[in-house]
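Next come the chains, spelled out residue by residue.
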Amino acid sequence: MTDVLTDVLRMLRLRVGLLGRGDLGGDSALDFGDHAKAVFHLIGRGPFWLHCELYDEPIELNEGDVLFFPQPQWHQISTTPRRHEKATVAAPNAGDGPHKSIVSTIVEFESGAFNPILNSLPPILIGHCQDESANAELAALTRLVLSEYDSRVPGYEAMRERLAEALLIQVLRYYMRTTQELNGLLRALSDPQLTLALAAMHATPGRDWDVDALAAEAHMSRSTFARRFTECMGTSPIDYLCEWR
C-alpha cells in the first residue's frame with residue numbers, strides 16, 4: 001500500500017534550510033516572523049519562553065522541545081518570561097552567560113499553493129520532548145540534531161538538513177498521535193479506511209476514479225465514505241483527486 005504521507009511530502013518537495021543558531025545569555029530575546037515561510041525551532045540549552053499572539057502568558061520551553069509555525073507569524077523567544085519590545089530585542093550570541101541555545105530553520109515546500117499538510121495544521125505545534133507523550137524516537141532525534149549542530153565533521157551540513165527533515169516528520173507523527181481534534185489530511189490518515197482510499201488515489205491518480213470505486217477501496221458504503229471523507233478533508237473525494245493530479 002502506498003505510504004500517503006511520504007507520497008505527499010515527496011510531491012510537495014520539502015526543504016529545510018538553516019535560519020540560524022542563537023546563543024543567548026542574560027535577559028535577551030530573538031524576534032521571528034519576518035520570513036514569509038514556515039519556521040521550525042529546536043531548543044538546545046534552556047529554558048526559554050515563547051511569546052506570541054496566540055497565548056496570553058509566555059510558554060516555557062526546555063531542552064529538546066520543538067516548535068513548528070506552519071504559517072508565518074510574529075513570535076519572540078526570550079531567555080526570561082519578560083517580553084521585550086522589538087526595539088530592544090537582542091541579537092544572537094548576546095547577553096552575559098551562561099548562554100542558552102536555539103536552532104531555527106526555515107521550512108519550504110517547493111510545489112506551490114496546494115499543501116494538504118500545512119492546511120491540516122494549527123497555527124503552532126509544540127512538542128515537549130520530556131513529556132510522557134513524546135516517544136523515544138522523537139527524544140533521541142532531537143538529541144542527535146543538537147549534537148550535529150555542534151559538529152564540524154565533514155558532511156555536517158548535509159547531515160543537518162536530512163536530520164531536520166526527519167525531525168519535522170517526527171513532529172507530525174507526534175501531533176497525529178497526541179491530538180484529538182485533527183483536521184484535513186492528517187485526520188484522514190488517522191482513519192484506516194480513508195487511508196486505503198487515499199493510498200489507492202495516490203498509487204494510480206490517472207485512473208478514472210469515481211466515488212463508488214473509492215468507497216469500495218475503503219470497504220465502506222458510498223454515502224458513508226463520501227460523508228466521512230468530506231468531513232475529514234474539507235473537500236469531496238473527487239475534488240481532492242483533481243487537486244492531487
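Here, the structure is the one placed above.
Residues numbered from 1 in each chain as written. Predicted model: local features only at pLDDT ≥ 70, side-chain atom pairs only at ≥ 80, totals over all residues. Heavy atoms only, no water.

A. A look at the sheet that holds strand β4 (residues 48-52). In spatial order, the strands read β2-β7-β4-β5; together these four strands make up an open sheet with antiparallel pairing. Of all the strands in the sheet, just β2 (29-32) and β5 (59-61) have a single pairing partner and so form its edges. Between one strand and the next, the sheet's axes are offset by a mean angle of 25 degrees, whatever the strand orientation. One ladder, built from three bridges, connects β4 with β5; its direction is antiparallel. Looking across to β5, one finds that L50 is bridged to I59. (Pairing = 2+ DSSP bridges. Helix = DSSP H or I, 4+ residues; strand = E, 2+ residues; numbered from the N terminus. Axes fitted to C-alpha atoms, helices over the stretch in contact; angles between N-to-C directions.)

B. Region of the structure containing the pairing of strand β3 (residues 38-43). By the criterion of burial, β3 is predominantly enclosed, with six of the six residues buried. Because side chains alternate across β3, one face comprises the buried residues A38, F40 and L42, and the other comprises V39, H41 and I43, equally buried. Strand direction decides the pairing type here: β3 and strand β8 (residues 100-109), joined by six bridges, are antiparallel. In the sheet register, V39 faces β8, and the bridge partner there is I106. (Buried < 20%, exposed > 50% of the residue type's maximum accessible area, 1.4 Å probe, protein only.)

C. The arrangement of empty space enclosed by the protein in detail. One pass over the structure, following the stated rule, counts one cavity of 30 Å³ or more. At the level of elements, β3, β8, α2 (136-149) and α3 (156-178) are the ones that each hand at least two residues to the lining of the largest cavity. Grouping the constituent residues of the lining of the largest cavity by class yields seven nonpolar, three polar and no charged. (1 Å grid on protein atoms, 1.4 Å probe; cavity = no way out; pocket = protein on both sides within 12 Å on 5 of 7 lines; lining within 4 Å. Points joined across faces, edges and corners; volume = space filled by probe spheres on them. Nonpolar A, V, L, I, M, F, W, Y, C, P; charged D, E, K, R; others polar.)

D. How the structure looks around the side chain of S120. Mapped onto the secondary structure, S120 falls in the loop between β8 and β9 (125-127). In this structure the side chain of S120 is engaged in a polar contact, spanning 2.6 Å, whose partner is the backbone oxygen of P116. Setting aside residues no more than four positions away along its own chain, S120 makes contact with Y175, N183, G184, L185 and L186. (Polar contact = N/O pair within 3.5 Å; in protein donor to acceptor, adjacent residues only side chain to side chain. Contact = heavy atoms within 4.5 Å.)

E. Main features of helix α1 (residues 4-12). Taken as a whole, α1 has its buried residues at V4, L5, V8, L9 and L12. Down the axis, α1 shows its buried residues gathered within 135 degrees of arc, on one side only. Near the N-terminus of α1, the side chain that reaches the backbone nitrogen of L5, with its oxygen 3.4 Å away, is that of D3. R13 sits one or two positions beyond α1 and adopts a positive phi of about 55 degrees. (Arc of directions from axis to C-beta.)

F. Seen up close, the nonpolar core. Grouped together as the largest cluster of nonpolar side chains are 59 residues, with contacts concentrated most on F225 and Y240. When residues in this core are grouped by element, the largest group, eight residues, is from α3. Apart from residues no more than four positions distant in its own chain, Y240 is found in contact with V8, F114, L185, L198, M201, H202, F229, M233 and T235. One finds L24, L30, I124 and I126 within the second-largest nonpolar core, a separate group that totals 14 residues. (Core = buried A, V, L, I, M, F, W, Y, C linked by side-chain atoms within 4.5 Å.)

G. The arrangement of unusual backbone geometry in detail. Of note in the backbone geometry, H219 takes a positive phi value of approximately 60 degrees without being a glycine. Looking at where H219 falls in the secondary structure, it is placed in the loop between α6 (211-217) and α7 (222-233). We classify H219 as exposed; its relative accessible area is 62%.

H. Quick peek at the packing of helix α5 (residues 192-203) against helix α8 (residues 237-244). Following both chains from N to C, one finds α5 and α8 inclined at 35 degrees, their axes separated by 11 Å at the closest point. Relative to α8, the crossing made by α5 is right-handed. Contacts between α5 and α8 involve L198, M201 and H202 from the former and P237, Y240, L241 and W244 from the latter. When grouped by side-chain class, the residues that make up the contact of α5 with α8 number six nonpolar, one polar and no charged. (Left-handed = near helix turned anticlockwise from the far one by under 90°.)

I. A look at the environment of V145. Structurally, V145 can be placed in helix α2. Separated by 21 residues in the primary sequence, V145 and A166 have C-alpha atoms spaced 9.7 Å apart. Look past the residues within four positions of V145 in its chain and what remains in contact with it is L42, L163 and L167.

J. Examining the side chain of Q73 more closely. Structurally, Q73 can be placed in the loop between β6 (66-69) and β7 (75-78). Relative accessible area serves as the criterion here: at 18%, Q73 is assigned to the buried category. A polar atom in the side chain of Q73 sits 3.0 Å from the backbone oxygen of P123. The residues contacting Q73, other than those within four sequence positions of it, are F32, G33, L54 and P123.

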